[in-house]
Amino acid sequence: MLRLCLLAAHALRLAGAALLSPGSCAFEDSACGYEWDFAHLPWALHGEGHYISVDTSYEGEKAVLFSPDLYSEEWSCIRLIYQIATTSGTSSDHARLNLYLRQEGESFDRLMWSAKEPSDSWLIASLDLTNSTKKYKIVLEGEMGQDKSASIAIFEIKITPGYCIECDFEENHLCGFVNRWNPNVNWFVGGGNIRNSQSILPKDHTLNSELGHYMYVDSVYVKHFQEVAQLISPKTTAPMSGCLSFYYQLKQESSIVFTLYLRDTNGFYEEIWKTDSALSAGWELAEVDFSAPYPMEVVFEVAFNSAKGGYVALDDISFSPSYCSNQTGISFNPAEASCNFEEDLCNFYQDHKDGPGWSRVKVKRNVYRVGDHTTGFGYYLLANTKFTSQPGYIGRLYGPTLPGNLQFCLRFYYALYGFFKMSGTLTVYIFEENHVVQEKIWSVLDSPKGVWTQAEISFKKPMPCKVVFVSWCKSFWDCGLVALDDITLSLGSCQSADLLPPSPGKCTFEKDECMFTQKKRGRGIWHRRRGPTPTSYTGPKGDHTTGVGYYMYIEASDMVYGQRAYLISRSLRGVSGKQCLTFFYHMYGAGTGLLSVYLKKEGDDEEIPLWRRTGEQSISWLRALIEYESDRTYQIIFEAIRGVSIRSDMAIDDILFQAGPCLEVEEIQFSSGYPDSLNEIEY
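Let me sum up the structure you'll find in this document. (Residues numbered from 1 in each chain as written. Predicted model: local features only at pLDDT ≥ 70, side-chain atom pairs only at ≥ 80, totals over all residues. Heavy atoms only, no water.)

### Notes on the nonpolar core
Argument step 1. Grouped together as the largest cluster of nonpolar side chains are 40 residues, with contacts concentrated most on Trp 187, Phe 246, Phe 258, Phe 290 and Phe 300.
Argument step 2. In this structure, Trp 187 is in contact with Asn 179, Met 215, Tyr 216, Val 217, Ala 229, Gln 230, Leu 231, Phe 258, Phe 300, Val 302, Val 312 and Leu 314, ignoring residues within four places of it in sequence.
Argument step 3. Ranked by size, the runner-up nonpolar core spans 34 residues in total, among them Tyr 414, Val 428, Ile 457 and Val 467. (Core = buried A, V, L, I, M, F, W, Y, C linked by side-chain atoms within 4.5 Å. Buried < 20%, exposed > 50% of the residue type's maximum accessible area, 1.4 Å probe, protein only. Contact = heavy atoms within 4.5 Å.)

Structure below.
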């Protein structure tokens, strides 16, 4: 199944004589303190081949391997050399290898990396691990999929201080740097016993020896004008900024262009350095200010014009969190351009010449008008209110100045009321600093009325700019209300953010039921649904996550009065200290019953009540906060009891488990009947 003869030879080369750092292992004669979970498939240590593996010779779905306790007070790089082997190329459910970080005090493991591509040889993954004072474990999980002859092998785990983009090219895995293959010109390993170039190449920089190694690219095989060779770094997996430095030698007989780029996950290139010399007598030091606030690759590119162009050699790539120049390196914080409007307008503002276009309002819990998106009973912005409606009315909300040449993802929630035609009633523009319109980047086309709907926009501009939200009343007869809330700005494109591993302990029900399962008793079950529920005057019109996504709910018309439905989490790891559970619930309908949350600890028959609501609460999604403790393995249970009529649909969405106490605390954990402020609206 595994082509292990060749791979074992590679593993032998990778195993150095030096002592391995904690958490590192070459699996030569032991597992170095790594243990496997006996509740799942066993891992087999192959000392003669220097690897550890799992296959489908045993019955089971997955195998789990976890490290001893580790500490990482400095930035570190995890390098994993692995192979996934399958015999079936048609299976949709391939074997997969996942790497998690299990931090002290957290009930959930954080997914750092995942791969499922099968290969005939070893592959390398590089993961940046930021410094932390918390103790942690590395958890490797092999999912075997449906292939009956799949296998997963791990040849080496190496944890080293420093950054994954750093490399001296002395090890065979080249720190995860890869050459982008070209039929004519490519980057090769130079030095050591390698003598395959017609150029006179230098000693390496690291050891200043012919036995040391470096990377080089030679023009001898160039056949076309502007032949290009690229050496690509591992992708950064954590935000970083500072000084990127490297040593290079260049011999140029005709034009050579040696350039350094940053490339994001969408394939966009940004030039950050280019050589200005035609010849270097020795190793030259290059330094460049470097910023990767989102996942990026560093690309070393050499372009030749002829076969007599010369060569470029590269060695000792390093990184420092301090900038090369004397600049302070104060980076832009995207939180400065985010706001939930609970306290004020944050850094957003209105031009007094435009008039008071947007009003900050609060709607108390009621069954007629939807409250804010943040909590269901907080503040949001409302434009085109009865005080400002007029023909041709325009309201502008200006954001703070954003730096140029950065990729941004803008997300916000909006809701529309009272328009006959929604198209163009809310628009987002990019303004230059002098308030000159540069570009319209988004406009509403259609939307469910009265539903908080998420919009997301990716943009990148070369010069500093501002985001401006514009509401528009076309005429007095078609002038409804525009609501705006929860504006968030993040670095990187929205598509890149969607590719990142999900937050541990978070469930939006967009793909499935996450860590929850049903406890079915009769017809009392939870349904996963999008859009409004079938029965009128009960249930939500859309989910809380995006307005058009999925949520879980009970369908009262399928149940009888007093019937229960249970949604139960998988067993969660107990930790010392307080934990915080956040979720959103929807209880709208004259016959609404009871919604409760329980904690069940391992070994106990009793379920501890944590939170309860009875009866109709609001037409809005409302936020619930629950603080609890459990030092033993435990489960969280959501129980819904059907009310007196079919207008008793109840829903939950956006569940989030977090370590530590809740930043806010609900005053009332258990309540019944209508809230005192029901149907009270204030502007």
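### Some points on the sheet that holds strand 16 (residues 240–252)
Argument step 1. The strand order across the open sheet formed by five strands is 13-14-21-16-19, and the pairing between neighbours is antiparallel. Of all the strands in the sheet, the pair left with one neighbour each is strand 13 (187–191) and strand 19 (284–292). Between one strand axis and the next, the sheet turns through 35° on average, direction left out of account.
Argument step 2. Taken together, the nine bridges between strand 16 and strand 21 (residues 310–320) define a ladder with antiparallel strand orientation. Counterpart to Tyr 248 in the pairing with strand 21 is Leu 314. (Pairing = 2+ DSSP bridges. Helix = DSSP H or I, 4+ residues; strand = E, 2+ residues; numbered from the N terminus. Axes fitted to C-alpha atoms, helices over the stretch in contact; angles between N-to-C directions.)

### Quick notes on the sheet that holds strand 11 (residues 151–161)
Argument step 1. As summarised here, the arrangement of the five strands in space is 2-3-11-6-9, forming an open sheet in which the pairing is antiparallel. In this open sheet, the two edge strands, each paired with only one partner strand, are strand 2 (44–46) and strand 9 (123–129). For this sheet, the mean inter-axis angle between neighbouring strands, taken without regard to orientation, is 30°.
Argument step 2. Looking at chain direction, strand 6 (residues 76–85) and strand 11 are connected through ten bridges and run antiparallel. Directly across from Ala 85, in strand 11, lies its bridge partner Ser 151.

### Some thoughts on the pattern of salt bridges
Argument step 1. Here the structure, examined in full by the defined rule, presents 16 salt bridges.
Argument step 2. Of the charged contacts, one joins Glu 297 and Arg 263 as a salt bridge, the two residues approaching to 2.8 Å between their closest N and O atoms. Of the two residues, Glu 297 sits in strand 20 (residues 296–304) while Arg 263 sits in strand 17 (residues 256–264), which places them 34 residues apart along the sequence. Each member of the pair, Glu 297 as well as Arg 263, carries the same accessibility label: buried. (Salt bridge = Lys/Arg side-chain N within 4 Å of Asp/Glu carboxyl O.)

### Digging into the side chain of Asn 98
Argument step 1. Inspection of the secondary structure assignment puts Asn 98 in strand 7 (residues 96–103).
Argument step 2. There is a polar contact of 2.9 Å between the side chain of Asn 98 and the side chain of Glu 143.
Argument step 3. Residues within four places of Asn 98 in sequence aside, it is in contact with Leu 111, Trp 113, Ser 114, Val 139, Leu 140, Glu 141 and Glu 143. (Polar contact = N/O pair within 3.5 Å; in protein donor to acceptor, adjacent residues only side chain to side chain.)

### A word on the environment of Glu 297
Argument step 1. Of the residues examined, Glu 297 reaches a relative accessible area of 17% and is grouped as buried.
Argument step 2. For Glu 297, the residues in contact, after removing those within four places along its chain, are Ile 232, Ser 233, Pro 234, Lys 235, Tyr 261, Leu 262 and Arg 263.
Argument step 3. One polar contact links Glu 297 to Arg 263, side chain to side chain, over a distance of 2.8 Å.

### Some points on the packing of aromatic side chains
Argument step 1. Counted according to the given criterion, the structure contains 41 aromatic pairs.
Argument step 2. Ring plane angle 70° and centroid distance 5.5 Å describe the contact between Tyr 248 and Trp 273, whose orientation is recorded as edge-to-face. Here the residue Tyr 248 occupies a position in strand 16, and Trp 273 occupies one in strand 18 (residues 269–274), the gap between them amounting to 25 residues. Of the two residues, Tyr 248 and Trp 273, neither departs from the other in class, the shared state being buried.
Argument step 3. Taking the centre distance of 5.1 Å and the plane angle of 80° together, the rings of Phe 583 and Trp 611 count as edge-to-face. Of this pair, Phe 583 sits in strand 36 (residues 575–587) while Trp 611 sits in strand 38 (residues 608–614), placing them 28 residues apart in sequence.
Argument step 4. You can call Phe 583 buried: its relative accessible area is 0%.
Argument step 5. Following the ring pairs from residue to residue traces out a cluster consisting of Phe 341, Phe 348, Phe 412, Tyr 414, Trp 442 and Phe 469.
Argument step 6. Directly above the aromatic system of Tyr 417 lies the positively charged group of Arg 369, at a separation of 5.9 Å from the ring centroid. (Phe/Tyr/Trp six-rings, centres within 6.5 Å; stacked < 30°, edge-to-face > 60°. Lys NZ or Arg CZ within 6 Å of the ring centre and 35° of its normal.)

The values reported here are purely geometric and, on their own, carry no functional implication.
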